[in-house]
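# Topology and contacts: notes
Here is how the chains run, residue by residue.
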Amino acid sequence: MKSIFDKISFDCSQNVTKSYSTSFSSAVKMLAPNIRQDIYNIYGFVRFADEIVDSFHGYNKEELFRLFELDLELSLVNKISLNPILNSFQHTVSRYNIPKDLIDAFMKSMKLDLTKTEYKTQDEYKEYIYGSADVVGLMCLKVFVNGDDSKYENLKEAAMRLGSAFQKVNFLRDLKADFEELNRTYFPNTDLSKLDEESKLKIIKEIEDDFEVGYSGLINLPIEAKFGVYTAFVYYKKLLSKLKKTPSSEIKNTRIRVPNYEKYGLFAKCYFTYKLNII
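Here the residue index of a chain counts from 1 through its sequence in written order. Restriction of local features to residues with pLDDT of at least 70 applies here, the model being predicted, together with a cutoff of 80 or more for giving and counting side-chain atom pairs; totals for whole chains, interfaces and linings are based on all residues. Calculation of side-chain values draws on the structure's entire complement of heavy atoms; hydrogens and water are dropped beforehand.

### Examining helix α8 (residues 149-173)
Helix and strand assignments come from DSSP, with helices taken as H or I runs of at least 4 residues and strands as E runs of at least 2, each series counted from the N terminus. Helices are assigned an expected span. That span is 1.5 Å times one less than the residue count. Over its 25 residues, α8 extends 35 Å from the first C-alpha to the last, a length consistent with the 36 Å expected when each residue adds 1.5 Å. Across the chain, bend at a residue is computed as the angle between axes fitted to the seven residues ending at that point and the seven starting from it. The principal kink in α8, of about 50°, is found at Leu155. Here a polar contact means two N or O atoms within 3.5 Å. Within protein one must be a hydrogen donor candidate and the other an acceptor candidate, and residues neighboring in sequence count only if both atoms are side-chain atoms. Of the residues flanking the start of α8, the one acting as N-cap is Asp148, its side-chain oxygen 3.2 Å from the backbone nitrogen of Ser150.

Okay, structure coming up:
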């Protein structure tokens, strides 16, 4: 029966989320039960595409990505895929009418990671961020507003800026791996081999501005989504705070983390803040 296959597919997306990101999966658990699975489905899709271009060294990444892209297109047309991750994703796309242009923009940015190693202009940088992060925020927003087009349009800019903030924090946190292992430079006009405090603080100011706009939309999210998104917001703000306090020379040589005991404290604080209606 198809329902059994769909359940297996959904379980697969959930397992991918839990295996690849304990922090994100913890935030998803703070969402209302009726929307959690769809966020798992979106995350599973974006994670698999990202894995192809970032992790499958020694394999033909271009061919793997081409086949994944073909399977994606067929799944959206046929409303089924034998790839359980894509089967889950197409279910969410269909259920919430996620626009195809968002998916296309994401795949375009992922494909750039196969060949492009440096972003020299702000336009190139913004286009990549839009495709790799902003549209993911918009896909999730489609789920959060559950068909309310007016609310979607009102929260669209804030969702994009929050997606940008999360992505840029990841860029700064993963500076060493991106630069040394993947030979990638995302921040334009920045020599990462000689990253200084001035350049670091300029990047952080840009991220803080994104967070500010993102928060203005977060507080107006539907009740089903607000607590989960707020939890992710607080976690990434904590990461940014740690990066801000870390000397630029150290950022280049290590990966900044939030220890588990701090995560638990943050999540507890988020819970009480939410329950007291402070957000």
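After presenting the structure, the write-up continues.
### Examining the pattern of salt bridges
What makes a salt bridge here is a side-chain nitrogen of Lys or Arg within 4 Å of a carboxyl oxygen of Asp or Glu, nothing more. What the rule picks out here adds up to 25 salt bridges. Residues Glu206 and Lys168 are paired through a salt bridge, measuring 2.9 Å at the closest nitrogen-oxygen approach. In this pair, Glu206 sits in helix α10 (residues 197-218) while Lys168 sits in helix α8, placing the two residues 38 residues apart along the sequence. Residue Glu262 pairs with Lys242 through a salt bridge whose shortest N-O separation is 3.3 Å. With Glu262 in helix α13 (residues 260-275) and Lys242 in helix α11 (residues 223-245), this pair connects stretches of sequence that are 20 residues apart. Several salt bridges converge on common partners, so that one network encompasses Glu157, Arg161, Lys168, Glu206 and Asp210.

### Thoughts on the nonpolar core
Core analysis: the largest hydrophobic core is formed by 81 residues, its most contacted members being Ile42, Phe45, Ile103, Phe106, Met139, Phe144 and Phe211. Sequence-distant contacts of Phe144, defined by excluding residues within four places in its chain, comprise Leu31, Ile35, Ile39, Leu221, Pro222, Ala225 and Val229. Here the nonpolar core consists of buried residues drawn from Ala, Val, Leu, Ile, Met, Phe, Trp, Tyr and Cys, with membership extended through side-chain atoms lying within 4.5 Å. In this scheme, a residue with accessible area under 20% of its type's maximum is buried, one over 50% is exposed, and one in between is partly exposed, where area comes from a 1.4 Å probe on protein chains only. In this analysis, two residues are considered to be in contact whenever any of their non-hydrogen atoms come within 4.5 Å of each other.

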